[in-house]
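# Descriptive structure summary
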Amino acid sequence: MMVLTKKMIEIRSILQKVGQTGALQLPSIVVIGSQSSGKSSVLEAIVGHEFLPKGSNMVTRRPIELTLINTPDSSSEYGEFPALGLGRITDFTQIQKTLTDLNLAVPEADCVSDDPIQLNIYSPTVPDLSLIDLPGYIQISALDQPEELKTKIAALCDKYIQPPNVILAISAADVDLANSTALRASRRVDPRGERTIGVITKMDLVDPERGNAILKDRNYPLRLGYVGVVCRTPSTKFSFGRNVNITNAISKNENTFFGAHPQFAAPDSGVTVGTTNLRKKLMSVLEQTMAQSLQSTSDAIHQELEEATYEFKVQYNDRPLTAETYLAESLDKFKHSFKDFTEHFGRPQVRQLLKHELDQKVLDFLASRYWNKPLSDDKSWSRLDERPISELPNVDSENLYWHRRLDASTSALTKLGVGRLATNVVANALQQHMDRLISESTFRAHPFAKQAIQEATNAILNERFYSTSDQVENCIKPYKFEIEVDEREWAQSRENSQNLLKEELKACDEALKNLKSNIGSKKLVQVMSFVDKLRQGEHADMKEGTEAFGFSQPLLQKGREGVFLRDRAEILRMRLYALKSKQCATSDNKYHCPEIFLDVVAEKLTSTAVLFLNVELLSEFYYNFPRELDNRLGRHLSQQQVESFAKEDPKIRKHIELQQRKELLELALEKMESVMALEKSKKVPVVGE
Ligand code: GDP
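Residues numbered from 1 in each chain as written. Predicted model: local features only at pLDDT ≥ 70, side-chain atom pairs only at ≥ 80, totals over all residues. Heavy atoms only, no water.

### Re the overall build of the protein
Per the secondary structure count, the protein includes 21 helices and nine strands. Here the protein holds 689 residues, and the buried ones make up 49% of them. Here the contacts in the protein between residues at least 6 apart in sequence split such that 80% fall between residues at least 24 apart. Of the accessible surface of the protein, which amounts to about 34,100 Å², a share of 51% is contributed by carbon and sulfur atoms. (Helix = DSSP H or I, 4+ residues; strand = E, 2+ residues; numbered from the N terminus. Buried < 20%, exposed > 50% of the residue type's maximum accessible area, 1.4 Å probe, protein only. Contact = heavy atoms within 4.5 Å. Areas by Shrake-Rupley, 256 points an atom, 1.4 Å probe, with all protein chains shown as cover.)

### Let's talk about the confidence of the model for the protein
Looking at the protein as a whole, its pLDDT mean stands at 88, while 91% of the residues score no less than 70. Taken over the whole predicted complex, pTM reads 0.64, whereas the ipTM for its chain interfaces reads 0.99. (pLDDT = per-residue confidence, 0-100.)

### A look at the nonpolar core
Counting residues in each nonpolar core, the largest one holds 61 residues, and the members touching the most others are Phe51 and Leu278. Of the residues forming this core, the biggest block, twelve residues, is contributed by helix α10 (residues 275-316). Discounting residues that sit within four places of it in the chain, Phe51 has contacts with Leu43, Glu44, Leu66, Phe92, Ile95, Gln96, Leu99, Leu119 and Ile121. (Core = buried A, V, L, I, M, F, W, Y, C linked by side-chain atoms within 4.5 Å.)

### Some remarks on the packing of helix α12 (residues 347-369) against helix α14 (residues 418-439)
The description of two helices packed together rests on the angle between their axes and the distance between the axes. Contact geometry of α12 with α14 gives a least axis separation of 10 Å together with a crossing angle of 130°. By the criterion of interaxial angle, the relationship of α12 to α14 is oblique. When you trace α12 past α14, the crossing you get is right-handed. Contacts between α12 and α14 involve Val350, Leu353, Leu354, Glu357, Leu358 and Lys361 from the former and Leu421, Ala422, Val425, Val426 and Ala429 from the latter. Considering only residue class, the contact of α12 with α14 consists of nine nonpolar, no polar and two charged. (Axes fitted to C-alpha atoms, helices over the stretch in contact; angles between N-to-C directions. Parallel < 35°, antiparallel > 145°, perpendicular 65-115°, else oblique. Left-handed = near helix turned anticlockwise from the far one by under 90°. Nonpolar A, V, L, I, M, F, W, Y, C, P; charged D, E, K, R; others polar.)

### Overview of the site of the ligand
The immediate surroundings of the ligand are formed by 14 residues, with Ser36, Lys39, Ser40, Ser41 and Asp204 found nearest. The separation between an oxygen atom of the ligand and a polar main-chain atom of Ser34 is 3.4 Å. The separation between a nitrogen atom of the ligand and a polar side-chain atom of Asp204 is 2.9 Å. When its residues are assigned to classes, the shell around the ligand shows three nonpolar, seven polar and four charged. (Near = heavy atom within 4 Å. Polar contact = N/O pair within 3.5 Å; in protein donor to acceptor, adjacent residues only side chain to side chain.)

### So, the packing of aromatic side chains
In this structure the tally under the stated criterion is 21 aromatic pairs. With 5.2 Å between their ring centres and 45° between their planes, Phe530 and Phe551 make a pair best called tilted. One end of the pair, Phe530, is in helix α17 (residues 521-535); the other, Phe551, is in the loop between α17 and α18 (553-580), with 21 residues separating them in the sequence. Its relative accessible area of 6% is what places Phe530 among the buried residues. Following the ring pairs from residue to residue traces out a cluster consisting of Tyr326, Phe334, Phe338, Phe341, Phe345, Phe443, Phe621, Tyr622, Phe625 and Phe645. Directly above the ring of Tyr623 sits Arg627, whose terminal nitrogen or CZ lies 3.9 Å from the centroid. (Phe/Tyr/Trp six-rings, centres within 6.5 Å; stacked < 30°, edge-to-face > 60°. Lys NZ or Arg CZ within 6 Å of the ring centre and 35° of its normal.)

### Quick notes on helix α16 (residues 487-519)
Along its 33 residues, α16 runs 48 Å from first to last C-alpha, staying within 8% of the 48 Å computed at 1.5 Å per residue. Inspection of α16 places Trp490, Ser493, Arg494, Asn496, Ser497, Gln498, Leu500, Leu501, Leu505, Cys508, Leu512 and Leu515 among the buried residues, and these make up the whole buried set. Buried residues belonging to α16 abut α12, α17, α18 and α19 (594-633). Two to three positions downstream of the cap, the backbone nitrogen of Arg488 sits 3.1 Å from a side-chain oxygen, assigning the N-cap of α16 to Asp486. The first or second residue beyond α16 is Gly520, which carries a positive phi of 90°. (Expected span 1.5 Å × (residues − 1).)

### Looking at the pattern of salt bridges
Once the charged atoms of two side chains with opposite charge are near each other, the side chains can pair. Counted according to the given criterion, the structure contains 33 salt bridges. Between Glu440 and Arg436 there is a salt bridge, and its shortest N-O distance comes to 3.3 Å. In this structure Arg436 comes out as partly exposed when scored by relative accessible area, which is 31%. Salt bridges sharing common partners tie together Arg351, Lys355, Asp359, Asp599 and Glu603. (Salt bridge = Lys/Arg side-chain N within 4 Å of Asp/Glu carboxyl O.)

### Details of the environment of Lys516
As for its position among the elements, Lys516 is in helix α16. Through-space distance from the C-alpha of Lys516 to that of Lys558 is 9.6 Å; in sequence the pair is 42 residues apart. The residues touching Lys516, leaving out its near neighbours within four places in the chain, are Ser521 and Leu524.

### Notes on the state of the cysteines
Joining two cysteines, a disulfide is a covalent bond between their sulfur atoms. This model, assessed by the stated rule, comprises one disulfide. Cys584 shares a disulfide with Cys593; S-S distance 2.1 Å. Around the S-S axis, the bridge from Cys584 to Cys593 shows a dihedral of about -105° and counts as left-handed. Each member of the pair, Cys584 together with Cys593, is buried. (Disulfide = S-S within 2.5 Å.)

### Concerning the pairing of strand β4 (residues 117-123)
Most of β4 is tucked away, with six of its seven residues classed as buried. In this sheet, β4 lies alongside strand β2 (residues 64-70) in parallel orientation, the contact comprising seven bridges. When the sheet's bridge partners are listed, Ile64 is paired in β4 with Ile117. Pairing of strand β3 (residues 78-80) with β4 involves three bridges; the strand directions are antiparallel. The partner of Tyr78 across the bridge, within β4, is Tyr122. (Pairing = 2+ DSSP bridges.)

In structure tokens form, the structure reads like this:
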């Protein structure tokens, strides 16, 4: 059993993941030959399946790194393209098609590419081998194969036939060996014929005498010898069906042919023939070459590892990091900051948010139902059905006009859809806070995780949204019919509403100040007094939209704004005065003090809504979010997803990749050392003729 090659192939696949550099490459058998020399047929005979691209115009354009892995314990045969992640391919026609596609993908202008295609084939009938199939040499440049292609193919082959690789030089028996491009190329790099195996195909096409002579060629003697084969692949699809192994058919065919001629079959024929023998030879030659290169490969790995270790120490202070630990740590930290957030965002905060929202609604109603009234009983511009706001403090308690106003305002407030509004406010706030937590976490550099967190948040909130808003709406229902106020509530709201009005007044004053600094205080006074006069009926002849008295339309607009702000500020001051007065001290006078009464309503709506929001939305969210997060970013992710997540951050990517490189090199070295120990303990068998 060729244990060494098997182990070395394992090491080779580890090194492939590291990204081989020249020194790290393990020896392979490089297959060269002219087009139509039968190169593909030989490779397919070794593999036992037709799998290489065919067709008159199909020139292999990329090297194929073919790794054969013997699987004695399994009857299944399949191929894998490790770099493509296509998984196991059991249909060899499919492998052929993939190889064809990969070759055709090389742009016409480039002719060939030296980027190898990696293909592993697992089968109980293949030997452990690592072969490299190269584009066939072109003899005559056809019209559709430019001269450049010929040169490029030769250069590509030259690159691969360097030591320590073994060269498998394929020549057809019916072509004079002196004309064999493969042998000529190999002679250039291996003049003493020490690492070349000559394969003579199409032995059936020449006279056995001549065939025998070719195999004994003394022109270019090879230490590893020549092997004659007949491996025209039987037309598998027709005679054997798809995917049937052709190894036996070929060797049976060869046995019949070679057995019929003493030039090959006689014990003293002095030649080696047949694919079975070729296969054995390949295995033992590769095994021996591997053994010879053990030390140099091990030294190369050692050196690479030392460099990686040093870089890891200098750059990352030996801090271990894997995609898994990075994700786990990031998740932990995020959950921690989430927990922290839940402790700071509870009922009081929700209450404040909601009250603020309802305050704004109250301000809107006050503005549209009270403060837009004429300031005083100024008949010149008040409409007949409008009562001036100035009469409010002294109005008769039975006055229906102001009763209706307050009832309508209260009803507008209780019926504005508090359930939907409150749920929305809290859900939006939670979403914003989650976005903030993301932006403060390591997840900010990870679009995938960011999206997962946002989706987790939305999923929980969406699920709870309608039931929560319905619950809240149901619970505030009584207030749509009746509002009872006790004196303590009244006193509190009296204070609240004063603060609210003060804020509003401040905003009004601020806006007026801005206007002043914008167009100049003098100009503002002029245009405002003009607007006042306009309202009082002077300049009645002036039509809307015309410019007048040197005031442009935009300036007039500013003037109107100024007048509005000034009047609004005056009303606010007046109302603030009223709220402080005795008149507003008790709830008996609610019609005189709509600001206070509406605040009482807003307070009640807020308190009730908050109770349910806390239970139905907040607590639910706080309980479910960490679980949802685990579902989306935790154990359910595949290794590949975790890896690509971590590598989204370029800094982390570098760190992880260096660590992986270091670990893979350590693993390769460890295996290498055990292989070397094993080799030392046994005597290396003598290979060859
Ligand atoms: P490649 O271009 O070097 O890969 O050559 P192929 O393997 O495609 O073979 C070229 C042609 O030679 C095909 O038609 C094969 O069927 C045929 N061929 C290959 N090996 C043998 C052989 O041993 N004997 C005979 N008679 N024909 C062969």
